[in-house]
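# Structural characterization, general
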Protein chains: 2
Amino acid sequence: MNVTAALKPQDALAAHLAADMEAVNALIRERMASRHAPRIPEVTAHLVEAGGKRLRPMLTLAAARLCGYQGGDHVKLAATVEFIHTATLLHDDVVDESTQRRGRPTANLLWDNKSSVLVGDYLFARSFQLMVETGSLRVLDILANASATIAEGEVLQLTAAQDLKTDEGIYLQVVRGKTAALFSAATEAGGVIAGAPEAEVKALFDYGDALGVAFQIADDLLDYGGSSAVIGKNTGDDFRERKVTLPVIKAVARASAEERTFWVRVIEKGDQRDGDLERALALLTSSGALEAARADAFAWAAKARAALSLLPDHPLRAILSDLADYVVSRLN
Amino acid sequence: MNVTAALKPQDALAAHLAADMEAVNALIRERMASRHAPRIPEVTAHLVEAGGKRLRPMLTLAAARLCGYQGGDHVKLAATVEFIHTATLLHDDVVDESTQRRGRPTANLLWDNKSSVLVGDYLFARSFQLMVETGSLRVLDILANASATIAEGEVLQLTAAQDLKTDEGIYLQVVRGKTAALFSAATEAGGVIAGAPEAEVKALFDYGDALGVAFQIADDLLDYGGSSAVIGKNTGDDFRERKVTLPVIKAVARASAEERTFWVRVIEKGDQRDGDLERALALLTSSGALEAARADAFAWAAKARAALSLLPDHPLRAILSDLADYVVSRLN
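Rules of the game
Residues numbered from 1 in each chain as written. Chains lettered and ligands numbered in written order. Predicted model: local features only at pLDDT ≥ 70, side-chain atom pairs only at ≥ 80, totals over all residues. Heavy atoms only, no water. UniProt positions renumbered as here; feature names shortened; annotations may be inferred. Contact = heavy atoms within 4.5 Å. Buried area = accessible area lost by both parts, 1.4 Å probe. Salt bridge = Lys/Arg side-chain N within 4 Å of Asp/Glu carboxyl O. Polar contact = N/O pair within 3.5 Å; in protein donor to acceptor, adjacent residues only side chain to side chain. Helix = DSSP H or I, 4+ residues; strand = E, 2+ residues; numbered from the N terminus. Nonpolar A, V, L, I, M, F, W, Y, C, P; charged D, E, K, R; others polar. Least-squares fit on C-alpha atoms with pLDDT ≥ 70 in both. Expected span 1.5 Å × (residues − 1). 1 Å grid on protein atoms, 1.4 Å probe; cavity = no way out; pocket = protein on both sides within 12 Å on 5 of 7 lines; lining within 4 Å. Points joined across faces, edges and corners; volume = space filled by probe spheres on them. Buried < 20%, exposed > 50% of the residue type's maximum accessible area, 1.4 Å probe, protein only. Phe/Tyr/Trp six-rings, centres within 6.5 Å; stacked < 30°, edge-to-face > 60°. Lys NZ or Arg CZ within 6 Å of the ring centre and 35° of its normal. Core = buried A, V, L, I, M, F, W, Y, C linked by side-chain atoms within 4.5 Å.

Per an unreviewed UniProt entry, chain A carries the name Octaprenyl diphosphate synthase and comes from Stagnihabitans tardus. Recorded in UniProt under Function (unreviewed entry), the annotation for chain A is "Supplies octaprenyl diphosphate, the precursor for the side chain of the isoprenoid quinones ubiquinone and menaquinone." The record in UniProt for chain A states the following under Catalytic activity (unreviewed entry): "5 isopentenyl diphosphate + (2E,6E)-farnesyl diphosphate = all-trans-octaprenyl diphosphate + 5 diphosphate".

Structural data, given as structure tokens:
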């Protein structure tokens, strides 16, 4: 009897890692405090306590435990990863001029952009201190490279938006920056801190990378109603913001001259009229773009599962495999 | 015959460290490139090439050379320090809504706040990669702590502005965040990379810290015309922005009830009228606040010079001593 069998994979992870996650949460609360600047815990508590799924720190813990780690530094690494994630959310909200995050008003709305920028910087600095405490130069190298990939991807996204020249290669780099780089750094660092053999460390990186890409492609598909192209409450946000995501890239690559004119008008020129979202959805479906993007998401999920085969047999390995299925199951 | 005798101290530093600085500049150009996101070098080149005085990287190089360093990692550290500085400038310009920096339009004006936030993040990440390359955990620790102090000081400045409860202790923390933390990290890290004895490393930290504090107090005094309280072109910028800097803190501490009402009106309430800057300058002078702040700046410069006595006799030591005098000589 596996008590976690009926749970969603992230809940099964949380159940397996409950004691570790309690330590991570305590460390996060301790380190986000600031003796001198009370604005800092106000802003961070708002975001950290809002209770994201804590998926990234759980990936680090799971990777370390799966490789047999018995020390305590995985907790520091997991908190590091969550701090980096929270810092990027704060900066993203400034960049996107967002007003809602996890169903609450964003920090930039509640306080101001200044606080979001500076408190984000503070969290980056705190994450940096935490990882230095692990004393592992290799971990530092992994997280430094991930930070650069994240920032580069974000800038790339800024310049790729509204530009139909964006191809699948650029899209993949944006996706690595937005999502996959921190996923893969989280799992890889967990393996490194556990002293796992190189093949396992590489497998953990590959798992996190593929999981992150699958996750983001699924997200981008859901913005167009998934493969069913049904218009829901949030359908078309990316369309209205003229983002060039995978479904659009594939549709544009398959477009006739007349269809291309449509895409240029709505995405590049931003001239969107009544019925344009419906037309876009029709083109995304008829061209096979949605179906092809969906196949890509499933292929990345399969790649994530395949990477796990190189890792030790362990209950956490089964949960991570389920997690890879789960991120694309939203597309069924 | 010392060929650098007639030069300003920072020019003497530049002359002494010319070959090292050439390597630093080449490394900066190499590392600020981005294969994928051309917006990044556009934004950074604008700022990096605008040619600040490069004082901070020179402090790192000078500290390392003064302690007899013969390796090459001081160049990486110096570039790291300049990247951190440039990143904070980019974020500061967003926070301050600045439109001019070093006589040019700021990046947030030329591009947008988004680019300034994200390219700042990119430079932080690149600086982090560079310092990891040195392989020194101690250097990483120094720079992680400095980053946290900088971010905390910036947030503190945000909340301390327009608040007359700000005391000299809080002011000092803001100053450490704005200026002194990176100066002291620059000099301390230079000593550490050179493998200098602890007493010298500590002296280098103390020098950088005191130099930074002296520099910032002098800057804040000059905003009120220095000790002469003469109104010049930029006099009163801090007053108009209702910043609570050392001269104001000292004047408020010495204020009569009627004078306090004035400070509350102009700084806390922001109700500034014709003649208020003149009244503020009169109060700053008559209360002795400007003179006392000037004495503080000179005391910090003396502290910086004193710290140098623990370091090896070296031409660079004499230049660093001159530099400490120079930052406050603007007040004569």
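Text resumes after the structure shown.
## What about the interface of chain A and chain B?
Taken together, the contact between chain A and chain B spans 41 residues of the former and 41 residues of the latter. Summed over both partners, the interface of chain A with chain B buries about 3700 Å², with 76% contributed by carbon and sulfur atoms. On the surface where chain A and chain B come into contact, there are zero salt bridges. For the pair chain A and chain B, the interface holds four residue pairs in polar contact (both at pLDDT 80 or more). When residues of the side of chain A that touches chain B are traced back to their parent elements, those giving at least two are α3 (39–48), α5 (73–96), α7 (113–133) and α8 (137–160) of chain A. The dominant element in the side of chain A that touches chain B, judged by the number of residues it contributes, is α8 of chain A, at 15 residues. For the side of chain A that touches chain B, the residue count by class is 22 nonpolar, ten polar and nine charged.

## Points about the relation of the copies chain A and chain B
Think of it as a corkscrew move, a rotation about one axis and a shift along it, taking one chain copy to the other. Expressed as a screw operation, the relation of chain A to chain B combines 0.0 Å of axial shift with a rotation of 180°, fitting to an RMSD of 0.0 Å. Here the symmetry operator amounts to a two-fold rotation axis. Comparing interface residues between copies, 100% of those in chain A also lie at the interface in chain B; the contact surface is shared.

## Brief notes about the pattern of salt bridges
Per the stated rule, a full pass over the model turns up 43 salt bridges over all chains. Among the ionic pairs, Arg305 of chain B bridges to Asp325 of chain B, the shortest N-O distance being 2.5 Å. With Arg305 of chain B in helix α15 (residues 289–308) and Asp325 of chain B in helix α16 (residues 315–329), this pair connects stretches of sequence that are 20 residues apart. Linked through salt bridges whose partners overlap, the residues forming this network are Glu30, Arg31, Asp73, Lys76 and Glu133 of chain A.

## Considerations on α8 of chain A
Look at α8 of chain A: 34 Å from first C-alpha to last across 24 residues, which is about the 34 Å you get at 1.5 Å a residue. Positive phi appears at Gln162 of chain A, one or two residues downstream of α8 of chain A, with a value of about 65°.

## Concerning empty space enclosed by the protein
Taken as a whole and judged by the stated rule, the model has four cavities of 30 Å³ or more. Taken as a whole, the largest cavity holds about 410 Å³ of empty space. Looking at the largest cavity, it is lined by 30 residues, and the ones nearest its centre are Phe124 and Ala125 of chain A together with Asp121, Phe124 and Ala125 of chain B. The set of elements that each furnish at least two residues to the lining of the largest cavity consists of α5, α7 and α8 of chain A together with α5 (73–96), α7 (113–133) and α8 (137–160) of chain B. The residue inventory of the lining of the largest cavity, partitioned by class, reads 16 nonpolar, eight polar and six charged.

## Notes on unusual backbone geometry
Phi is positive for Arg242 of chain A, close to 60°, though the residue is something other than glycine. Summarising the element assignment, Arg242 of chain A is placed in the loop between α11 (237–240) and α12 (246–253).

## Observations regarding the side chain of Ser115 of chain B
Within the secondary structure layout, Ser115 of chain B lies in helix α7. Here Ser115 of chain B falls in the buried class, since its relative accessible area comes to 1%.

## Details of the packing of aromatic side chains
Describing an aromatic ring pair means giving the distance of the ring centres and the angle of the ring planes. Residues and elements named next belong to chain A. Inspection of every chain in the model, using the stated rule, returns five aromatic pairs over all chains. Summarising the aromatic geometry, the rings of Phe262 and Trp263 are spaced 5.3 Å apart at their centres and angled 70° between planes, so their arrangement reads as edge-to-face. Of the two residues examined, Phe262 and Trp263, each falls in the buried class. In this arrangement the basic side chain of Arg279 is found over the ring face of Phe262, its NZ or CZ atom lying 4.9 Å from the centre. Sitting over the ring of Phe215, Arg330 keeps its end group 5.1 Å from the ring centre.

## Things to note about α12 of chain A
All names here are of chain A. Across the eight residues that make up α12, a large majority, seven, are buried. All of the buried residues along α12 are Leu246, Pro247, Val248, Ile249, Lys250, Ala251 and Val252. Contact partners of the buried residues in α12: α9 (168–193), α10 (198–222), α13 (257–268), α14 (276–286) and α15 (289–308).

## Re the nonpolar core
Among the nonpolar cores identified, the biggest contains 222 residues, and Leu13, Tyr207 and Trp263 of chain A together with Leu13, Tyr207 and Trp263 of chain B are the most heavily contacted of them. Look past the residues within four positions of Tyr207 of chain A in its chain and what remains in contact with it is Leu59, Thr187, Ala304, Ala307, Leu308, Leu320, Leu323 and Ala324 of chain A.

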